[in-house]
Amino acid sequence: MLMIACPWCGPREQTEFAYGGEAHIARPADPDAVDDAQWADYLFMRTNPKGCHREQWNHAFGCRRWFNVERDTLSYRITSVYKPGERPAEPAA
Amino acid sequence: MTSGHRLAEGGRIDRLKPLAFTFNGRRYGGFAGDTLASALLASGVTLVARSWKYHRPRGVVGAGVEEPNAIVQLESGAFSVPNARATEVSLYEGLTARSVNCWPGPEIDFMALVQLFSGLMPAGFYYKTFMWPRRLWKKYEHYIRKASGLGEAPAVADASTYDKMNAYCDVLVAGAGPAGLAAALAAGRSGARVIVADEQAEFGGSLLSLGSAPLPRIGGRAAGHWLDAALRELRAMPNVRMLPRSTVFGYHDANYLTIAERRHDHLPLGERAGCRERIWRVRARRVVLATGAIERPLVFGNNDRPGIMLASAASTYVNRYGVRLASRAVVFTNNDSAYGSALDLYHAGIEVAAIVDSRRSPGGEVVQKVRDASIEIIGGSVVVDTRGRRHLSAVRVVQMDGERLTGRPRHIECGLLAMSGGWSPVVHLHAQSGARPRFDVARACFVPGEAIQGERSAGACNGTFDLESCMGEGAAAGAQAAALSGFVARATKPPAVEASAPKAQPLQPLWLVPSPRGVSRGPRQFVDFQNDVSASDIALAAREGYRSIEHVKRYTALGFGTDQGKLGNINGMAILARELGQEISATGTTTFRPNYTPVTFGAIAGRDVGELFEPVRTTALHAWHEERGAVFENVGQWKRPRYFPRDGESMHEAVRRECLAARNGVAIMDASTLGKIDIQGPDAATFLDLVYTNAWRKLAAGRCRYGIMLDENGMVMDDGVTTRLAENRYLMTTTTGGAARVLAWMERWLQTEWPNLKVYNTSVTDHYATAAIVGPRSREVLSAVCSDIDLSAAAFPFMSCRQGAVAGAAARVMRISFSGELAYEVNVPANEARHVWDALLAAGAANGITPYGTEAMHVLRAEKGYIIVGQDTDGSVTPADLGMEWLVSKDKDFIGRRSLLRPDTARDDRKQLVGLLSEDPSVVIPEGSQLVDDASASASAPVPMLGHVTSSYESPALGRSIALALVKAGRRRTGEMLLAPLRDGRRIRARIVSPVFLDPEGTRQNA
Ligand SMILES: [Zn+2]
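Residues numbered from 1 in each chain as written. Chains lettered and ligands numbered in written order. Predicted model: local features only at pLDDT ≥ 70, side-chain atom pairs only at ≥ 80, totals over all residues. Heavy atoms only, no water.

Enquirer: Got a minute to help me understand the interface of chain A and chain B in this structure?
Expert: Interfaces are often sized by the amount of accessible area the parts lose when they come together. Between chain A and chain B, the residue contacts involve 24 residues of the former and 29 residues of the latter. The tally of links between chain A and chain B comes to five salt bridges. On inspection of chain A and its partner chain B, the count reaches 19 residue pairs in polar contact (both at pLDDT 80 or more). Here the element with the most residues in the side of chain A that touches chain B is helix α1 (residues 36–44) of chain A; it accounts for five residues. Here the side of chain A that touches chain B is built from residues that sort into 14 nonpolar, two polar and eight charged. (Contact = heavy atoms within 4.5 Å. Salt bridge = Lys/Arg side-chain N within 4 Å of Asp/Glu carboxyl O. Polar contact = N/O pair within 3.5 Å; in protein donor to acceptor, adjacent residues only side chain to side chain. Helix = DSSP H or I, 4+ residues; strand = E, 2+ residues; numbered from the N terminus. Nonpolar A, V, L, I, M, F, W, Y, C, P; charged D, E, K, R; others polar.)

Right, here's the structure in full:
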């Protein structure tokens, strides 16, 4: 079970959080300007990497805030935690 | 009570505290400090079980967690524990246990007949024989499981309670043997928060089993005195928590470990109170693993007779429990440690007939001590077979030259064979942490590999077997763990150990003793005692082409027992490696998964059982509903009245009465469970425009509007009425089950996609109680308790909201309707709900005001063709599919809009919501019925399915059955006949009609 440092509350047990999938999937600013394939890409396609992954988490049973986590999907090691709109502390390896 | 099997003195038992217990229906005696296993052995009971497959007689092999044979059903009824290891069961007064896996008992066992056919049961026997043909497996299975099963699950509810504890510490020490104690002392002295857990009742590990013979001295005093002092010091430290009878059974991510603490099982049933077991969920900055090692058995012919046990177990029974195991013993070994056991037996007055050592010329200090005791040492020899019916009577010893047996066999009579094939470090937790143990050829065992998490192994689990080095490693690991946690650990020299393990001669790997007649033809050489897996089974698996240890494990059942192969797995891997001509490191181990030892379901469930399993939500009017005899249904976590039966009424009759009251007079419903979200902020309207399909900016304050929300795929996910309370304030209602989901979903969009919008959402579902007053007489009833709101149709039109006092309570009254009738929803603070509700009922008494439940609500809304999200939709339904294009704005963006433009969502032959009228008006088509074309009646299956029935009721207002359905291109098919073929053979014909069955113009609700 992970220990996640909420940017607002500090380190808390994983059971307090909800997972939100890959981060930085921006909604097209003008949905009508993208074709169906691009829209489907936004809706469904995710990178699912082995290694460094940036993902959204929600402190569901705490402050209810969303934030981003950079995590190694192999070792489960968390390398960075940052707020929406921010970039990870260090460039991903 | 004494017996000839108990030594007159010595050990850690209290001979002044005799205890009586019952095993397989017979009464025996033991002493405080005994385990069930030691008490049985001291009572002369050596045949304790029958084996799993062949029902061979089996005795106690080990003295701890590794025991494969002495598995018992402990107690009965609510206190019953299946598959308890007798070696780990502390004896208490009145204990009752019986053998598992034998009937009527281990001495005369019916299934032992199966032994006669053992040659017919090779590896994979169950797969090959019983699983085929599949049809018959169902017949066999019951009998096979009964014959081969272990303990029985208790039939009655568990009488005990269980808890979970959360703990944080700087240093967690797993194991309180010499290495663990040294680590705990070093870490504790630094001030670090330490938890030290050990599975045994007493801390001390191997120190508890030391004999009088080569008694080591630690730090200048007897080992026992050092132990007492160490425990005293630890107890005195406020920063150290000591958990005896506590097994660290899981090592998970981020140094999260789980410990099962058994608090009761050593007490007589009558003295057990409070919590039986606790699961400790521990986050540790650093972990010191000091989990020790388990001695390996040797694999030779008929190595499973009662009377054959691990040399270390023999030492434990003699030294710790004062058991006189036999009058004559033989020791069989490939290493030095069993020489200590020989001396333990010798000093306890047991004649040691010989030590059979596979090494050609054993020598060294401990060997010399054995020679000094005039014990014969037979070097370069092995035990190849044993004799005895229900107990060992003799062993057969043959000289070994390389892998070849030579010379004449020699028989030695004995009642005990103490064996040692070396030691296997308990690397389980290390492996669970994600690390990979590696095979150390020099020490012939798996040792910890590179650490992945914050852990370090010390002592025997690190492949270090002499006492002084163990304690040195423990102290160093404890000090390092404290330092890495930010504490200053004083450099303390580990205590000097005198006369512990003199320089040992190396072990000679001996994974499989050569068989005089070959592995397949000779007597069975058991590798896994619990699952009756022998060396020939592994050889067969290899011959049949199995290469991976994981596959061989599953094919032969090696390591599948409740002991999870703690005793036999390493031997099995080595034998497989030999068969495959590989190095042991190439074969590797099977995966070490949590849990290290079985954990009870009770402990895992903890308090989350019964009514605490899931929260139950009730409205402020729940007590009233109960008084009125409501029948409840679960909607999400809510309890909602389904209907209110009067004396003798069936559900059908009650719902009919409730529906007619709403249509013809006045009825009242508790609608408090609908989700309510208070939405405020200057951008609230902008936000509502994004989450709803229709437009919200122009909605005037005091007006209500129905809206549907889509997910980004364009599918309907929730609906409800939202009211504009003020310029920048809205009150949104959601479905009862969707409230939390909708709030979380809106928050996610606001926080991650539109953080620039100034919008604040607050759940107010529980703050307000809602009474829906429904029917043509509703205005009359409400006006009797509400004088400051003009309720006239002109002043208070449909889909609007007014504030005022209802029965004196501040209320928001909304004129909205989920029934198609003139209706009002009165929202008051939850604390005033009962008062207002009572006043409304009193005001409506003359008009026969009728409380109704969710069932009548469903009928009323279906008559109007109003959907229920989740019943008439399923996550694949668009607004157009529901005929709600009129709700979809063309002038703005909203979540899901772009997806509605995809070719698939724009198709005109999608499943659409329609009404259905069965040809026979008295027939209610079952919900969920599949629908096919009427012409399919004569066609042969399969026929294309056109859709399914989503809602179906008898309508009291229409005097016939009605249904809603999703049907392919349904609206185009209006007027066509469909067929609902049912499982029971009925075929119901039904015509497609408009989903609005009643008052399509809406004159009633606008009245
Ligand atoms: Zn937080």
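Enquirer: Would you explain the coordination of the zinc ion in this entry?
Expert: Four donors placed tetrahedrally around a metal ideally meet at 109.5 degrees, and six donors placed octahedrally ideally meet at 90 or 180 degrees. All names here are of chain A. Within the protein, the atoms that donate to the zinc ion are Cys-6 (SG), Cys-9 (SG), His-59 (ND1) and Cys-63 (SG), at distances of 2.0 to 2.3 Å. Its four donor atoms give the zinc ion angles of 106 to 115° at the centre, a pattern that matches the tetrahedral case. Spacing between the donor residues of the zinc ion along their common chain follows C-x2-C-x49-H-x3-C. By relative accessible area, which is 26% here, Cys-9 ends up partly exposed. (Donors = N, O, S within 2.8 Å, 3.2 Å for Na, K, Ca; no water. Tetrahedral: all angles 85-135°; square planar, octahedral: opposite > 155°, others 65-115°. Buried < 20%, exposed > 50% of the residue type's maximum accessible area, 1.4 Å probe, protein only.)

Enquirer: I keep staring at the environment of Gly-363 of chain B and nothing clicks. Help me out?
Expert: As for its placement among the helices and strands, Gly-363 of chain B is situated in the loop between β19 (351–357) and α8 (365–372). Sequence separation between Gly-363 of chain B and Phe-644 of chain B is 281 residues, and the spatial gap between their C-alpha atoms is 90 Å.

Enquirer: What is the right way to read the sheet that holds strand β36 (residues 704–710) of chain B from this model?
Expert: Strands pair in a sheet through their backbones, by hydrogen bonds, and they do so in one of two ways: parallel or antiparallel. Residue and element names in this part refer to chain B. The five strands are arranged β36-β37-β38-β35-β39 in an open sheet whose pairing can be described as antiparallel. Taken across any chain shown, the strands that pair with only one partner, and hence form the sheet edges, are β36 and β39 (760–763). Taking each pair of neighbouring strands and ignoring which way they run, the sheet shows an average axis angle of 30°. Judged from the four bridges that link them, strand β35 (residues 675–680) and β39 form a sheet pairing that is antiparallel. The residue of β39 that forms the bridge with Ile-677 is Ser-763. Packing of helix α19 (residues 739–753) onto the sheet brings it into contact with β35, β36, β37 (716–726), β38 (729–734) and β39, and relative to β35 it is tilted by some 25°. (Pairing = 2+ DSSP bridges. Axes fitted to C-alpha atoms, helices over the stretch in contact; angles between N-to-C directions.)

Enquirer: Explain the pairing of strand β8 (residues 161–174) of chain B to me, please; I cannot follow it from the model alone.
Expert: Where a strand is regular, its side chains alternate between the two sheet faces. Bridge analysis of β8 of chain B against strand β15 (residues 275–289) of chain B gives 13 bridges, and the strand direction is parallel. Each bridged residue has a counterpart across the sheet, and for Val-173 of chain B the counterpart in β15 of chain B is Val-288 of chain B.

Enquirer: Looking at this structure, how should I read the packing of aromatic side chains?
Expert: Where two aromatic rings form a pair, the distance of their centres and the angle of their planes describe that pair. Residue and element names in this part refer to chain A. One pass over the structure, following the stated rule, counts 17 aromatic pairs over all chains. For the ring pair Phe-17 and Phe-67, a centre distance of 5.8 Å and an interplane angle of 80° mean the geometry is edge-to-face. Pair noted here: Phe-17 is in the loop between β2 (10–13) and β3 (18–22) and Phe-67 is in strand β5 (residues 66–72), with a separation of 50 residues, a long-range link. For Phe-17, a relative accessible area of 8% gives the class buried. You can call Phe-67 buried: its relative accessible area is 1%. Arranged with centres 4.9 Å apart and planes meeting at 50°, the rings of Trp-39 and Tyr-42 form a pair that is tilted. Of this pair, Trp-39 and Tyr-42 both sit in helix α1, separated by three residues, roughly a single helical turn. (Phe/Tyr/Trp six-rings, centres within 6.5 Å; stacked < 30°, edge-to-face > 60°.)

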